[in-house]
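In case you want the letters, here they are:
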Amino acid sequence: MSRSARTAFLALLLAFTTVAAPAQAAPPDHLPPHEPANGPDRNEIPATDTPFGALVAASGENQPGDHAGYPRKTRLRTYPENPADKSIKLGLAPYHSLAPKLNALQAKSNRVSVEIAGQSGLGRDLYLVTLTAPESPAETRLQDRWRAEIENDPVRAARDPFLKFGYKTPVWINNNIHGNEWEGTDGALRVIERLATSNDTTTRELLRRNRFYFNVTANPDGRVAGVRQNASGFDLNRDFATGSQPEARAMRRIVETTQPLMMLDEHGYVTNTLIEPTTPPHGQNYDFDLYIKHSYANGLGMEQAVKALGHPETAKPEIPFRDYPEGVWDGWAPIYTAQYSMYHGAISYTIEIPMDVNSEYETTPAAELQRRARINTDVVEATIGTTIGYVDQHRGELISNQIEIFRRGTAGEPQREIPDGFVPGFGPEDRYRTEFPRAYVIPAGADQRSATAAARLVDHLLVNDVRVKQADRPFTLAGRRYPAGSYLVDMHQPKRGLANVMLEAGSDISAKVPVMYDISGWSHRLLWGASVDIVKDSGLDVRAHEINAASPTGGVGAAPGRDLALKLNDSKEASAANDLLNRGIPLKRTADGTIVVPASARPAAAEVADRYGVRFTEADGTATPLTRKTLAAAVGPDELKVLRDMGFDVRPVSTAVLNAGFDFSRVDLLFVSSGLRYDQLTPAAKDSLKAFLARGGVITRGATGAKFNTDAGLLAARPVAGWEDGNGVVSVVNGGGPVGTGALTTSFVYGPFWFTDLGPGVNADQRYADGKPLVAGHWRPRDNGSGGQPQAAGQAAVVSGTSALGGKVVLFGTEPMFRDHTKGLYAQVARAIFWAAG
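Everything numeric here is computed off the predicted structure, so don't read it as measured data.

Student: In this structure, what is going on with the overall build of the chain? I would like to understand it.
Tutor: Of regular secondary structure, the chain possesses 27 helices and 36 strands. Compactness check: the chain gives a C-alpha radius of gyration of 27 Å against a globular reference of 28 Å for 838 residues, within 12% of the reference. Across its three principal axes, the chain shows a C-alpha extent of roughly 80 × 65 × 60 Å. Burial analysis of the chain (838 residues in total) assigns 62% to the buried set. A sequence separation of at least 24 residues applies to 78% of the contacts in the chain between residues at least 6 apart. Here the chain displays about 29500 Å² of accessible surface, and carbon together with sulfur accounts for 51% of that area. Of the charged side chains in the chain, 89 are positive and 94 negative; the average position of the first set lies 3 Å away from that of the second.

This is how it looks when you write it as structure tokens:
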């Protein structure tokens, strides 16, 4: 970094001056790359078992010291030098260099603390580095009390002069969440070292007033391998509403426990540099007035800091809120780090550094890549420095701002109307609001579709810091009677926005913006399999207590000596059935998909009931034998995870694997959704596959699956592709059959398909609802009028039948296993597998 750039950084660090907003700019000539809804990650690149190889074990073990105050020094275990680390070619810090560097800084400075925030999927440590002035245990306890007061008693916090004066304002810097967007880590290391070692009065005072938290690399496995995803193939910056991955859960804990006033998520690469705030749509559950004022001001400051670096490549940073058309870079979904963090009280940003080093990694000389990486690291450093300076100068306002977020939630106040020009450029296109209900009730007893799903939903709300109560006795709300043990989500709570964004249906925003960057609809209430009631306007005269975990749901409810029945309404029930099958217990299956367990296996049933939280009842009726199923699966990483989580034996395959001579002899079912092309199989592979198709089942999903069905001549059903970017929660009508029976009346689509011209013996197990099937999300027709909701309405979304070759087949036009997000739909897949596999 040049001397002038470092001087600029220090100036921004020591004293931030608010920059006047320029006039609304014209849209840039280019826009950031859009990730297609149904792109290669879903349909062309199948999951494999070992894409990253094995991790060499670290030497030593993490040895934490006294963590009562600060510093909190942890002697970090070290990893062997890895010359294959993709960071090395860029002149950046390889993962194996991080622990030695952080150990040395901890030894050198009493301002540096390192804690292990968790482990990656392959077991690499996640380093949370805190920079602050030393604190005694008593001082740290006081800071913890103030942080809790801001959230739990915001009225008192607002009146507490000692808090306003003495609270160390927290800032969180998250880095390298996409493994091949490296430089956030290296820019953060520069700032960490400077704050740890500078002895000037200004730095010491800065650390006396603030705490700066750095997640040094959020995705170390991806960093080493040079890929966007983590080792399980998941995009971690799409996982926050679900928390399916260990790295995402670690970040969730960081944001909840540190409660930052401001946060940055450092990404790449967008030409010139991209600095949020976003375009519309803005999440409708935010108190957006409390976000946009400081977000835009600091965003403008970061823009000036990046310009001041003096690099021609950083001369024109872009702020989507000001510079982009609606929907191109939105702030709608809670799946992203920055947007999720807002629900925990943070003013947050995604930063996209400018110089591409990943898509040209293999073709560009190392010297040029290193030049680009140095510029990118400068940009990271400048954005962090600006933010640190802004927070320090505006700390009183920012503390009051976070208090007010939680106060409004606790008081149950409606969202504020934001006038035009609230910040320069704010207008009608920026207004997205919702009406918070008074409460949600998750009933217990006979009114609950799935007690297992209800417990999972409650536990998920709790782990996301949403308050949930459980009724001590029966009660009545909005004219409905609920039994004791029912759960109540009182929406008069600090993080009501987070509660509501998970539980409300959402909105159909198709007519409001022409495009969306990623998913536009989600709803844990509609897609997770639990019954949830909305109480719009009522007093809450309910005797209840706050809980920190859902009540157990497992049990055996049949008389001794009688066969047991297990309804397949949830993925946990599929897991329980596969667990019993793996023990060699002879199960049966009824026509509606219910699993029958012999009375002799009651002890094993009781054990799995407790393990998975499922309930067995007494069996009746006729059933046919059910055996353990082995799947060959050309599927995406998210689908592979779901299938294995349900306990199925899954063997990943692809076109290449089948052409290499895959053995189908022990396979019961082929699942096709990604990376398998029938027309690209060798003659020998086709012959082997045809022999399997005469006896084995097939399930397909999406574009790849539909083409496979047509090319292989399986079911007579013409696939019709909806608009490729169409996505969200849809209403469906179940038609019975092996897949429709017991399914939810809502499903999920991402690049929807439907099936017409159904031949003899092909059943429509599920159809899109008439009218406009989209409940929430973004689904428009193409410019020529095709592919929209009117064309899909009433059409078959899921079909089943027996192929001309002899095997049973199910075709999904929906997305029942999307990103481990649609948990209430997994049982539908399990029923399809047990039926099609015979």
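After that view of the structure, there is still more to cover.
Student: Before we go on, may I ask you to explain the pattern of salt bridges in this structure?
Tutor: Two side chains of opposite charge can pair, provided their charged atoms sit close to one another. Under the counting rule described, the total for this entry stands at 65 salt bridges. With a closest N to O distance of 2.8 Å, Arg 208 and Glu 205 form a salt bridge. Highlighted residues: Arg 208 and Glu 205, both in helix H8 (residues 201-209), separated by three residues, approximately one helical turn. Owing to a relative accessible area of 43%, Arg 208 belongs among the partly exposed residues under this scheme. A network of salt bridges, in which partner residues are shared, links Asp 287, Asp 289, Glu 404, Arg 407, Arg 408, Glu 413, Arg 416 and Arg 496.

Student: Before we go on, may I ask you to explain the sheet that holds strand S6 (residues 210-215) in this structure?
Tutor: Hydrogen bonds between backbone atoms are what pair the strands of a sheet, whose relative direction is either parallel or antiparallel. In space, the seven strands of this open sheet follow the order S3-S4-S6-S5-S7-S11-S8, with mixed pairing throughout. What marks the edges here is a single partner per strand, and that holds for strand S3 (112-119) and strand S8 (274-275). Taken together, the two bridges between S8 and strand S11 (residues 347-353) define a ladder with antiparallel strand orientation. Bridge assignment links Ile 275 to a residue of S11, and that residue is Ile 351.

Student: In this structure, what is going on with the sheet that holds strand S21 (residues 587-589)? I would like to understand it.
Tutor: Judged by pairing direction, the sheet is mixed, and its six strands sit side by side in the order S19-S23-S20-S22-S21-S24 without closing on themselves. Bordering the open sheet on either side are strand S19 (555-556) and strand S24 (624-626), each of which pairs with just one other strand.

Student: What is the right way to read the pairing of strand S7 (residues 262-268) from this model?
Tutor: When a strand is regular, its side chains alternate between the sheet's two faces. The buried fraction of S7 is high, at seven of seven residues. The alternating pattern of S7 places Met 262, Leu 264, Glu 266 and Gly 268 on one face and Met 263, Asp 265 and His 267 on the opposite face, and all of these are buried. Note: S7 against S11, seven bridges, orientation parallel. Within S11, the position partnered with Gly 268 by the bridge is Ile 353.

Student: Just to check I follow, could you spell out the nonpolar core for this structure?
Tutor: Here is a general trend for soluble globular proteins: nonpolar side chains tend to be buried in one another's company. Grouped together as the largest cluster of nonpolar side chains are 150 residues, with contacts concentrated most on Tyr 127, Leu 131 and Phe 214. Per-element accounting of this core gives the leading share, 10 residues, to helix H11 (residues 288-308). Leu 131 has contacts with Arg 111, Val 112, Ile 192, Leu 195, Ala 196, Leu 207, Asn 210, Arg 211, Phe 212 and Phe 214, leaving out every residue within four places of it along the chain. Listed in part, the 60 residues of the second largest apolar core include Leu 564, Leu 580, Val 597 and Trp 835.

Student: Got a minute to help me understand the environment of Asp 679 in this structure?
Tutor: Within the element layout of this structure, Asp 679 appears in the loop between strand S27 (669-672) and helix H23 (683-693). The sequence separation of Asp 679 and Asp 490 amounts to 189 residues, and the corresponding C-alpha distance is 55 Å. In this view, Asp 679 contacts Lys 707 and Asp 711; residues no more than four positions away in its chain are not counted. A distance of 2.8 Å separates the side chain of Asp 679 from the side chain of Arg 677, its partner in a polar contact.

Student: Looking at this model, I keep getting lost on unusual backbone geometry. Mind explaining?
Tutor: Most peptide bonds adopt trans geometry, and most residues besides glycine take a negative phi value. Cis rather than trans, the peptide bond between Gly 268 and Tyr 269 has omega equal to 0°. Note on placement: Tyr 269 falls in the loop between S7 and S8. In this model, Pro 280 is joined to Pro 281 through a cis peptide bond whose omega is 0°. The phi dihedral of Ala 478 falls on the positive side, at around 50°, and the residue is not glycine. Note that Ala 478 resides in the loop between strand S14 (475-477) and strand S15 (480-482). A relative accessible area of 61% means that Ala 478 is categorised as exposed.

Student: Help me out: how do you make sense of helix H3 (residues 98-108) in this one?
Tutor: Each full turn of the α-helix corresponds to 3.6 residues, which orients residues three or four apart in the same direction. For H3, the complete set of buried residues consists of Leu 98, Ala 99, Leu 102, Asn 103, Leu 105 and Gln 106. What you see down the axis of H3 is that its buried residues fit within an arc of 165°, all on one side. Those residues of H3 that are exposed and aimed more than 90 degrees away from the buried face are Ala 107 and Lys 108. On its buried side, H3 packs onto strand S2 (74-75), S3, strand S4 (125-131) and helix H7 (183-197).

Student: What should I look at first to understand the confidence of the model for the chain in this one?
Tutor: Should the pLDDT be low somewhere, the predicted coordinates at that spot are not to be read in detail. Averaged over all residues, the pLDDT of the chain equals 94, while 95% of them reach at least 70. Residue range residues 1-25 is modelled with pLDDT below 50. Its contacts to residues more than four positions away, or to other chains, number 54 contacts.

Student: Could you clarify how one ought to interpret helix H4 (residues 137-152) in this entry?
Tutor: For H4, with 16 residues, the first-to-last C-alpha span of 22 Å sits near the 22 Å given by 1.5 Å per residue. Those residues of H4 that sit buried are Thr 140, Gln 143, Trp 146, Arg 147, Glu 149, Ile 150 and Glu 151. Here the buried face of H4 lies against helix H5 (154-158), helix H6 (161-166), S6, helix H10 (246-258) and helix H15 (395-411).

Student: So what exactly am I meant to see when it comes to the pairing of strand S32 (residues 753-756) here?
Tutor: On S32, burial covers both faces: Phe 753 and Phe 755 on one face and Trp 754 and Thr 756 on the other are all buried. In this structure, strand S29 (residues 718-721) lies alongside S32, joined through four bridges in antiparallel fashion. When the bridges of S32 are listed, Val 720 appears paired with Trp 754.

Student: I keep staring at the side chain of Gln 493 and nothing clicks. Help me out?
Tutor: For Gln 493, the position within the fold is in the loop between strand S16 (487-490) and helix H17 (496-503). Judged by its relative accessible area of 2%, Gln 493 is buried. Leaving out residues up to four positions away in the same chain, Gln 493 has contacts with Gly 409, Thr 410, Val 466, Arg 467 and Ala 499.

Student: Just to check I follow, could you spell out the side chain of Ser 571 for this structure?
Tutor: With respect to the secondary-structure elements, Ser 571 resides in helix H19 (residues 571-582). Note on Ser 571: relative accessible area 9%, which makes it buried. Apart from residues no more than four positions distant in its own chain, Ser 571 is found in contact with Arg 456, Met 646, Tyr 826 and Ala 827.

Student: Is there a simple way to think about the packing of aromatic side chains in this case?
Tutor: Describing an aromatic ring pair means giving the distance of the ring centres and the angle of the ring planes. Under the defined criterion, the tally for this structure stands at 21 aromatic pairs. With a centroid separation of 5.8 Å and an interplanar angle of 10°, the aromatic rings of Tyr 95 and Tyr 127 are classed as stacked. Of this pair, Tyr 95 sits in the loop between S2 and H3 while Tyr 127 sits in strand S4, and the two are 32 residues apart along the sequence. Owing to a relative accessible area of 0%, Tyr 127 belongs among the buried residues under this scheme. On the basis of an interplanar angle of 85° and a centroid distance of 5.0 Å, the ring pair of Phe 662 and Phe 664 is categorised as edge-to-face. The class for Phe 664 is buried, based on a relative accessible area of 5%. Taken together, the ring pairs connect Tyr 79, Tyr 95 and Tyr 127 into an aromatic cluster. When the ring centre of Tyr 95 is taken as reference, the NZ or CZ atom of Arg 124 above it lies at 5.8 Å.

Student: Hey, could you run me through the packing of H7 against helix H14 (residues 366-393) in this one?
Tutor: The description of two helices packed together rests on the angle between their axes and the distance between the axes. Contact pair H7 / H14: the axes reach a minimum separation of 8 Å and the direction vectors enclose 50°. With respect to each other, H7 and H14 are oriented oblique. The two elements H7 and H14 meet at a crossing, and its hand is right-handed. Touching Glu 183, Gly 184, Asp 186, Gly 187, Ala 188, Arg 190, Val 191, Arg 194 and Leu 195 of H7 are Ala 373, Arg 374, Asn 376, Thr 377, Asp 378, Val 380, Glu 381, Ile 384 and Ile 388, all from H14. Each residue belonging to the contact of H7 with H14 can be placed in one class, and the counts come to seven nonpolar, four polar and seven charged.

Student: For this particular structure, what's the right way to read the environment of Ala 453?
Tutor: Within the secondary structure layout, Ala 453 lies in helix H16 (residues 451-463). By relative accessible area, Ala 453 is classed as buried at 0%. Sequence separation between Ala 453 and Ser 531 is 78 residues, and the spatial gap between their C-alpha atoms is 8.5 Å. For Ala 453, the contacting residues outside a window of four places in its chain are Trp 528, Gly 529, Ala 530 and Asp 570.

Rules behind the numbers
In every chain, residue numbers begin from 1 and rise along the written sequence. Local features in this predicted model are restricted to residues of pLDDT 70 or higher, and side-chain atom pairs are both shown and tallied only at a pLDDT of 80 or more, whereas totals for entire chains, interfaces and linings draw on every residue. To obtain the side-chain values, all non-hydrogen atoms of the structure were used and water was disregarded. Strands here are runs of E lasting at least two residues and helices are runs of H or I lasting at least four, both read from the DSSP assignment and numbered beginning at the N terminus. Computation of the radius of gyration draws on C-alpha atoms, with the globule rule given as 2.2 Å multiplied by the number of residues to the power 0.38. Remark: exposure states derive from per-residue accessible area (1.4 Å probe, protein chains only) relative to the maximum for the residue type, with buried under 20%, exposed over 50%, and partly exposed in between. Only heavy atoms matter for contacts: two residues are in contact if any of them lie within 4.5 Å across the pair. Methods summary: accessible areas were calculated by the Shrake-Rupley approach with a probe of 1.4 Å, and residue burial reflects only the protein chains presented. This count recognises Lys and Arg as positive and Asp and Glu as negative, with His and chain-terminal groups excluded. A charge is said to be at NZ when it belongs to Lys, at CZ for Arg, at CG for Asp and at CD for Glu. Each reported salt bridge corresponds to a side-chain nitrogen of Lys or Arg within 4 Å of a carboxyl oxygen of Asp or Glu. Note: two strands are recorded as paired if DSSP finds a minimum of 2 bridges between them. The criterion is simple. A nonpolar core is a set of buried Ala, Val, Leu, Ile, Met, Phe, Trp, Tyr and Cys residues joined through side-chain atoms within 4.5 Å. Polar contact is the term for a pair of N or O atoms within 3.5 Å; when the atoms are in protein, one must be able to donate a hydrogen and the other to accept it, and sequence-neighboring residues count only if both atoms are side-chain atoms. Think of the arc as the fan of directions from the helix axis to the C-beta atoms. Residue-level confidence of the predictor is summarised by pLDDT, bounded by 0 at the bottom and 100 at the top. Multiplying 1.5 Å by the helix residue count minus one yields the expected span of that helix. Between 30 and 60 degrees the pair is tilted, below 30 it is stacked and above 60 it is edge-to-face, where a pair is any two Phe, Tyr or Trp rings, Trp via its six-membered ring, whose centres lie within 6.5 Å. In this scheme, the term charge over a ring applies when either NZ of a lysine or CZ of an arginine sits within 6 Å of the ring centre and within 35 degrees of the ring normal. In this analysis an axis means a line fitted to C-alpha atoms, helices contributing only their contacting stretch, and an angle means the value between N-to-C directions, from 0 to 180 degrees. With respect to orientation, any angle under 35 degrees is reported as roughly parallel, any angle over 145 as roughly antiparallel, any angle of 65 to 115 as roughly perpendicular, and every other angle as oblique. For any helix crossing, the convention is left-handed if the near helix is rotated counterclockwise from the far helix by under a right angle, and right-handed if that rotation is clockwise. Residue polarity follows a fixed list, in which Ala, Val, Leu, Ile, Met, Phe, Trp, Tyr, Cys and Pro are nonpolar, Asp, Glu, Lys and Arg are charged, and the others, Gly among them, are polar.

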